[in-house]
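One-letter residues, chain by chain:
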Amino acid sequence: MSAHLLHHQTAPGSPLRPGVHPAWCARGHACGLGEHRAAPVTLTVPGQAVIVLTRVMGADGRQHVEIRTDVALAEGEAQARAHLAHILTELDAHLRRLISLPC
Ligand SMILES: [Zn+2]
């Protein structure tokens, strides 16, 4: 999966000519208003969590990944709050790891 996503990488900061889609663009309704969007990749833990990642190239040629996360919280107010605190801690650490390039 990762190798496929990286294979069609476009040079950063190099906007495409108008009307030209990068190889990874899903085309159709997925791109518009100057943006190009890949087909989303979904990771699922059935009944508990979903993460949807979408590669995006803005009109200025810069790329980013849009990540939407949905995690079911523990039952009960106190447990839900503790679960949220745990998620925030883990996401903060994970975010710091994600911004570095792979070795
Ligand atoms: Zn496109």
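Refer to the structure above for everything that follows.
Residue indices follow the written sequence of each chain, beginning from 1 at its first position. Residues qualify for local features only when their pLDDT is at least 70, as the model is predicted, and side-chain atom pairs are given and counted only at 80 or more; totals for whole chains, interfaces and linings, by contrast, use all residues.

Here we come to the overall build of the chain. Segments assigned H or I by DSSP are reported as helices when at least four residues long, segments assigned E as strands when at least two residues long, and all are numbered from the N terminus. Summing up its helical and strand segments, the chain has 2 helices and 4 strands in all. Reading the chain from its N end, one meets helices and strands in the order α-β-β-β-β-α. Burial is judged by counting other C-beta atoms within 10 Å of a residue's own C-beta: 20 or more means buried, 12 or fewer means exposed, and anything between counts as partly exposed, with every C-beta placed from the backbone. Classification of the 103 residues of the chain by burial places 6% in the buried group. Here contacts are defined at the residue level, using C-beta atoms placed from the backbone and a cut-off of 7 Å between them. A separation threshold of at least 6 residues defines the contact pool for the chain, and within that pool the share at least 24 residues apart is 21%.

Moving on: the pairing of strand 2 (residues 41–45). With 0 of its 5 residues buried, strand 2 lies for the most part at the surface. For strand 2 and strand 3 (residues 49–57), the ladder comprises 5 bridges, and the chain directions are antiparallel. What sits directly across from V45, in strand 3, is A49. Paired strands are those between which DSSP finds at least two bridges. As consecutive antiparallel partners, strand 2 and strand 3 are separated by 3 residues, and within that stretch G47 has a phi angle of approximately 75 degrees, a positive value.

Here helix 2 (residues 77–98) spans 30 Å end to end across 22 residues, near enough to the 32 Å set by a 1.5 Å rise per residue. Here helix 2 lies mainly on the outside; 0 of its 22 residues are buried. Between the first and last residue of a helix there are one fewer steps than residues, each counted as 1.5 Å, and that sum is the expected span.

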